[in-house]
Amino acid sequence: MVAVATNFSAAMVELQREFQATSGHELTIVHGSTGKLYAQIRSGAPFDVLLAADQQRPQRLVAEGLALADTRFTYALGHLSLWSTDPNRIPAAGAAALAQGDFRLAMANPALAPYGAAAEEVLQALGLAETLRDRIVLGENVGQAHAMVATGNTELGLVARSYIMSDNNRLGGSRWDVPADLYKPIRQDAVLLKRALHNPAARDFLTFLRNPRARATIAARGYGLD
């Protein structure tokens, strides 16, 4: 059973198919915000592997004796983009779209989701955090933030680039890929949980994530690689 950060959902569908076809193992997938999955693991949820959207929660699980230190590694580097379904909304100098006009801005909750924390860093770096505070609409995770934009509930969203590039996103629109120097790297770590110490399927899945085919799938979904 694999607990997967929401931003990685689309990539995980393809990885699950590839892994099951080549390994003979079966995966059960549970999606959620990294903060929520972490809390569930601490409360005894029966997960074997965590694919987090940050490094902090896997590190904490190792420190708390709930995960195995020698199994932790960065499986993907997340990227943040400003997105609108309006193809003319976001200019090439995308920061201008945040500095002018009437809009609501969707982003993930910084307290629960690493992409929300990154979005908050971007607004701070641009000097817009206070100016836009009353316009921000928070989702529990970055998937909810993306959905707010997709359904027209907000005009703009600071969301995972992987959602915009997903095959499930047929809305097009306009986007600005936020420069990486405006937020700390979103290093997404995987770790084997202690309950899976003797689970060969869980260990095989972590090995699979490091192979060239899996890494190519992850890169094609809009992520960077170590």
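Here the structure is shown first, and the text comes after it.
The structure presented is a predicted model; accordingly, all values stated were derived computationally and were not measured.

The rules behind these values
- Residues numbered from 1 in each chain as written.
- Predicted model: local features only at pLDDT ≥ 70, side-chain atom pairs only at ≥ 80, totals over all residues.
- Heavy atoms only, no water.
- Helix = DSSP H or I, 4+ residues; strand = E, 2+ residues; numbered from the N terminus.
- Rg over C-alpha atoms; globule rule 2.2 N^0.38 Å.
- Buried < 20%, exposed > 50% of the residue type's maximum accessible area, 1.4 Å probe, protein only.
- Contact = heavy atoms within 4.5 Å.
- Areas by Shrake-Rupley, 256 points an atom, 1.4 Å probe, with all protein chains shown as cover.
- Axes fitted to C-alpha atoms, helices over the stretch in contact; angles between N-to-C directions.
- Parallel < 35°, antiparallel > 145°, perpendicular 65-115°, else oblique.
- Left-handed = near helix turned anticlockwise from the far one by under 90°.
- Nonpolar A, V, L, I, M, F, W, Y, C, P; charged D, E, K, R; others polar.
- Pairing = 2+ DSSP bridges.
- Arc of directions from axis to C-beta.

> Give me the lowdown on the overall build of the protein chain, citing residues and values where you can.
Counting secondary structure elements, the protein chain contains nine helices and ten strands. Against the 2.2 N^0.38 benchmark of 17 Å for 226 residues, the protein chain shows a C-alpha radius of gyration of 18 Å, consistent with a compact globule. In terms of its C-alpha atoms, the protein chain occupies a principal-axis envelope of roughly 55 × 35 × 30 Å. Within the protein chain, the proportion of its 226 residues that are buried is 50%. Here the contacts in the protein chain between residues at least 6 apart in sequence split such that 76% fall between residues at least 24 apart. As displayed, the protein chain offers around 10,100 Å² of accessible surface, 49% of which is attributable to carbon and sulfur atoms.

> Explain the packing of helix α1 (residues 9-23) against helix α8 (residues 200-209) residue by residue, including any values.
Where α1 meets α8, the axes come as close as 11 Å, and the angle between the chain directions of the two elements is 115°. When the axes of α1 and α8 are compared, the pair comes out roughly perpendicular. In the packing of α1 onto α8, the handedness of the crossing is right-handed. Across the interface between the two elements, Met12, Leu15, Glu18 and Phe19 from α1 touch Ala201, Asp204, Phe205, Phe208 and Leu209 from α8. Along the lines of polarity and charge, the residues of the contact of α1 with α8 split into seven nonpolar, no polar and two charged.

> Outline the pairing of strand β4 (residues 73-78), listing residues and values.
Here is the key point about a regular strand: its side chains alternate between the two faces of the sheet. The buried fraction of β4 amounts to six of the six residues, a majority that puts the element mostly inside the structure. The pairing of β4 with strand β10 (residues 186-192) spans five bridges and is antiparallel. Of the residues in β10, the one forming a bridge with Leu77 is Arg187.

> I'd love a proper account of helix α3 (residues 56-63), names of residues and values included.
Buried within α3 are the following residues: Arg57, Pro58 and Leu61. Each buried residue of α3 lies within a common arc of 100° when the element is viewed along its axis, so the set occupies one face. Among the structural elements, α2 (34-42), β3 (49-51), α5 (114-125) and β10 are those in contact with the buried residues of α3. Positive backbone phi, approximately 80°, marks Gly65, located one or two places after α3.

> Quick rundown of the sheet that holds strand β9 (residues 174-177)? Include the residues and the values.
A sheet is described by the order of its strands in space; here five strands give the open sequence β7-β6-β8-β5-β9, paired in mixed fashion. Bordering the open sheet on either side are β7 (136-139) and β9, each of which pairs with just one other strand. For this sheet, the mean angle separating the axes of adjacent strands, direction not counted, is 30°. Where strand β6 (residues 105-108) and strand β8 (residues 156-160) come together, two bridges link them in parallel fashion. What sits directly across from Ala106, in β8, is Gly157. Taken strand by strand, α5 contacts β5 (80-84), β6, β7 and β8, and its axis lies near 130° from that of β6.

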